[in-house]
Amino acid sequence: MSKLTIWTYDWVPEGPRGFVRDLRLRWACEEAGLSYTVQTIPFDDRETNHLARQPFGQVPFLSDGDLEIFESGAGLLHLARKSDELMPRDPAGEAETLQWTIAALNSIEMVTVPWWFLRISGDKNNKLTGWMGKRLDQLEEILSEREWLAADRFTVADLLMADVLRVGEVRSFGDRPATEAYVTRVTARPSFKKAQADQIALFEAADEKRTGRGSG
């Protein structure tokens, strides 16, 4: 089996720790029992220092032997093909998992991320609020009727959807008990807790190095 390497920043400020999207790939590997290593690129000059591997200057990207894959969604689907812990192998289960994985990116995250950016920028007339509320209400209806999004069990679709929904500002938006129970259930999984703790530990370990570098 080829070697999996997840690439992320060597450091980030405290705010995004636990939310940088390499966590999605770490979590998937932990769920699937896939061996992986983590390598870093400098946070400084991050918009230009790795364009050959990630044309938008972002993280994460994934190396699998000679393959290199950018975008967390693409990386998740690549990992899901390696393990039926993440995606069923029967055609119906696979199709359902794929559609909900894409829905997490295209129907939910597509509105939650720009809504969040407008909110933290102080926009008091956030015109995306109505749109996001409608999408989350629709999802609440779905989650009130099922425990998992696809195949009657945890899949990569749940991993991604829960990661989108657990952002604090999004999670606290409105009263959606089924969605809150879903996020709580999915993020209680040991694989999520390990992936999140490992990511935070990486960035915390880098604090001392940066402090020492700046005090010379």
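Everything below is about the structure printed above this text.
Heads up: these notes are all about the structure in this document.

Rules and cut-offs
- Residues numbered from 1 in each chain as written.
- Predicted model: local features only at pLDDT ≥ 70, side-chain atom pairs only at ≥ 80, totals over all residues.
- Heavy atoms only, no water.
- Helix = DSSP H or I, 4+ residues; strand = E, 2+ residues; numbered from the N terminus.
- Contact = heavy atoms within 4.5 Å.
- Polar contact = N/O pair within 3.5 Å; in protein donor to acceptor, adjacent residues only side chain to side chain.
- Buried < 20%, exposed > 50% of the residue type's maximum accessible area, 1.4 Å probe, protein only.
- Phe/Tyr/Trp six-rings, centres within 6.5 Å; stacked < 30°, edge-to-face > 60°.
- Lys NZ or Arg CZ within 6 Å of the ring centre and 35° of its normal.

Description of the overall build of the protein chain
On a plain count of helices and strands, the protein chain comes out with eight helices and four strands. Ordered by position from the N terminus, the helices and strands of the protein chain form the series β-α-β-β-β-α-α-α-α-α-α-α. Taking the principal axes of its C-alpha atoms as reference, the protein chain extends roughly 55 × 50 × 30 Å. Partitioning the intrachain contacts of the protein chain with sequence separation of at least 6 by distance along the chain shows that 70% fall at a separation of at least 24.

Quick word on the side chain of histidine 50
On the secondary structure map, histidine 50 appears in the loop between strand E2 (36-41) and strand E3 (61-64). A distance of 3.3 Å separates a polar side-chain atom of histidine 50 from the backbone oxygen of arginine 46. If we ignore the near neighbours within four places in the chain, the residues touching histidine 50 are Tyr9, Ile41, Gly57, Gln58, Val59 and Phe61.

Description of the environment of phenylalanine 43
Along the chain, phenylalanine 43 turns up in the loop between E2 and E3. Residue classification places phenylalanine 43 among the buried residues on the basis of a relative accessible area of 12%. Separated by 32 residues in the primary sequence, phenylalanine 43 and tryptophan 11 have C-alpha atoms spaced 5.8 Å apart.

Overview of the packing of aromatic side chains
In this description, an aromatic ring pair is defined by two values, namely the gap between the centres and the angle between the planes. For the structure on display, the rule yields eight aromatic pairs. With a centroid separation of 4.9 Å and an interplanar angle of 65°, the aromatic rings of tryptophan 27 and phenylalanine 192 are classed as edge-to-face. Here tryptophan 27 is found in helix H1 (residues 22-32), whereas its partner phenylalanine 192 is found in helix H8 (residues 190-214), with 165 residues between them in sequence. Of the two residues, tryptophan 27 and phenylalanine 192, both sit in the buried class. Note on tryptophan 148 and phenylalanine 154: the rings are 5.9 Å apart at their centroids and 85° apart in plane angle, and the pair reads as edge-to-face. Note on tryptophan 148: relative accessible area 14%, which makes it buried. In this structure phenylalanine 154 comes out as buried when scored by relative accessible area, which is 6%. The structure contains a cluster of three or more aromatic residues connected by ring pairs, namely Tyr9, Trp11 and Phe43. One Lys or Arg, arginine 166, reaches over the ring of phenylalanine 19 and ends 4.2 Å from the middle of that ring. Seen from the ring of tryptophan 148, arginine 185 lies directly overhead, with NZ or CZ sitting 5.4 Å from the centre.

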